[in-house]
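A closer look at the structure
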Amino acid sequence: MRGGYLVAVLLCTAQALALAVVLPACAEDSATPPVSQPALSPADLAAPADQPPVAAERPPVSPTNPVVAVIRLKLADPGLRKGFNGDDLAALEAFYATRTGGTLWMTEMGFSAKGQQALFEFDKVEDWGLEPVAFELPLAGELPASPEAQAIAEIKLDLAILKYARFARGGRLNPREVSELFDQRSTLRDAKTVLSEIEAADAPDAYLRSLHPKHEQFVRLRQALLKARGKDETGNERDIRRLIINMERWRWMPEDLGALYVWSNTPEFMLYVVKDGKTIYADKTQVGKMGHATPLLSSNMASIVFNPEWIAPPSVLVEDLLKKKKKKDFSI
């Protein structure tokens, strides 16, 4: 995927306006001898009350970096915006529209050291359960021959970084589009925040890694994935796929579960109460079945009911109990 975009840029040179105070000349008769004038005091040198003050000279406006100017043009080109995330493009437009310095990643000799760090991190995306083909990247050793080539290379890396940030936080899939049983939302980081943070980061590669979930369960799944990728056993691809799917579901979880939370582990049929990272209570729990699956969600708990009264819902009465009774009566 190649991006290009457009923002019309008007380059103008500010011209300083120097305003001089014109003092009225006194016409003297050549025949009249000059009259001796008293020395002028500081008060006499001040501008008259009805005289406008002298305007200070305006500092010259720094010219826009030529590559940044091309980036603005590319980002505003509607014909080059197809196929890219709208929020990512809007964030890039805002970022470069107010940029007074040079480019973020490019130099006349190719990518800067930080740009190379960011690029090399994409070589490790499989270690995090992501797919390399999802990211279109410029060549790390590319030497762009023109400002336009530099602009395109910079935009490519920018878009790859913003996509990486979304995918790291579960933006690769919409949970509700995967299944109606998922009642979760991906907690994506704002694209503008990502740009400002990675610009300020000393190590862009470390910053990208920091975007992934830090939950213990996600870390353990990733370790299992790395171990599985190191094997050559038949059928290992199925295990790898299951690990990636479970990593993806942990990306949908809130970044911070809180100091105290209740975790219902549906596949394990277990419920845990966790406080300050330690399990303080665990109990077996019952979940639904294929025809009546338990919804998967994350939400704030507003209240707790001890020993709740349970009444079979109408769907269970009609579809399960009534059918069984009819079948039993018919067999008699």
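The following paragraphs examine the structure supplied in this document. These figures come from a predicted structure and were not determined experimentally. (Residues numbered from 1 in each chain as written. Predicted model: local features only at pLDDT ≥ 70, side-chain atom pairs only at ≥ 80, totals over all residues. Heavy atoms only, no water.)

Attention now moves to the nonpolar core. Membership of the largest hydrophobic core comes to 52 residues, with the highest contact counts inside it found for Tyr96, Phe122, Ile161 and Tyr164. Breaking this core down by element, the ones donating at least two residues are helix H2 (66-75), helix H3 (86-97), helix H4 (113-121), helix H5 (147-168), helix H7 (191-200), helix H8 (204-210), helix H9 (216-229) and helix H10 (236-251). Considering every element that reaches this core, the biggest residue donor is H5, with twelve residues. Discounting residues that sit within four places of it in the chain, Tyr96 has contacts with Val68, Ile71, Arg72, Leu75, Leu104, Glu154 and Asp158. (Core = buried A, V, L, I, M, F, W, Y, C linked by side-chain atoms within 4.5 Å. Buried < 20%, exposed > 50% of the residue type's maximum accessible area, 1.4 Å probe, protein only. Helix = DSSP H or I, 4+ residues; strand = E, 2+ residues; numbered from the N terminus. Contact = heavy atoms within 4.5 Å.)

Two side chains carrying opposite charge are able to pair once their charged atoms lie near each other. For the structure shown, the criterion picks out twelve salt bridges. Between Asp88 and Arg166 there is a salt bridge, and its shortest N-O distance comes to 3.1 Å. Linking Asp88 in helix H3 with Arg166 in helix H5, this pair joins segments that are 78 residues apart in sequence. The buried category is assigned to Arg166, whose relative accessible area is 15%. Between Glu121 and Arg209 there is a salt bridge; the shortest N-O distance is 2.7 Å. In this pair, Glu121 sits in helix H4 while Arg209 sits in helix H8, placing the two residues 88 residues apart along the sequence. The class of Glu121 is buried, set by a relative accessible area of 2%. (Salt bridge = Lys/Arg side-chain N within 4 Å of Asp/Glu carboxyl O.)

So, on to H4. Listed as buried for H4 are Gly115, Ala118, Leu119 and Glu121. Axial view of H4: buried residues confined to an arc of 160°, hence all on one face. Structurally, H4 contributes buried residues whose contacts are with strand S2 (110-111), H5 and H8. (Arc of directions from axis to C-beta.)

At a minimum axis distance of 10 Å, the contact between H2 and H3 shows a crossing angle of 150°. It follows from the interaxial angle that H2 and H3 lie roughly antiparallel. Judged by the twist between their axes, the crossing of H2 over H3 is left-handed. On the side of H2, the interface is formed by Val68, Ile71, Arg72 and Leu75, while H3 contributes Leu92, Glu93, Tyr96 and Ala97. Residue composition of the contact of H2 with H3, grouped by class: six nonpolar, no polar and two charged. (Axes fitted to C-alpha atoms, helices over the stretch in contact; angles between N-to-C directions. Parallel < 35°, antiparallel > 145°, perpendicular 65-115°, else oblique. Left-handed = near helix turned anticlockwise from the far one by under 90°. Nonpolar A, V, L, I, M, F, W, Y, C, P; charged D, E, K, R; others polar.)

Keep in mind that these numbers describe shape and distance, not what the molecule does.
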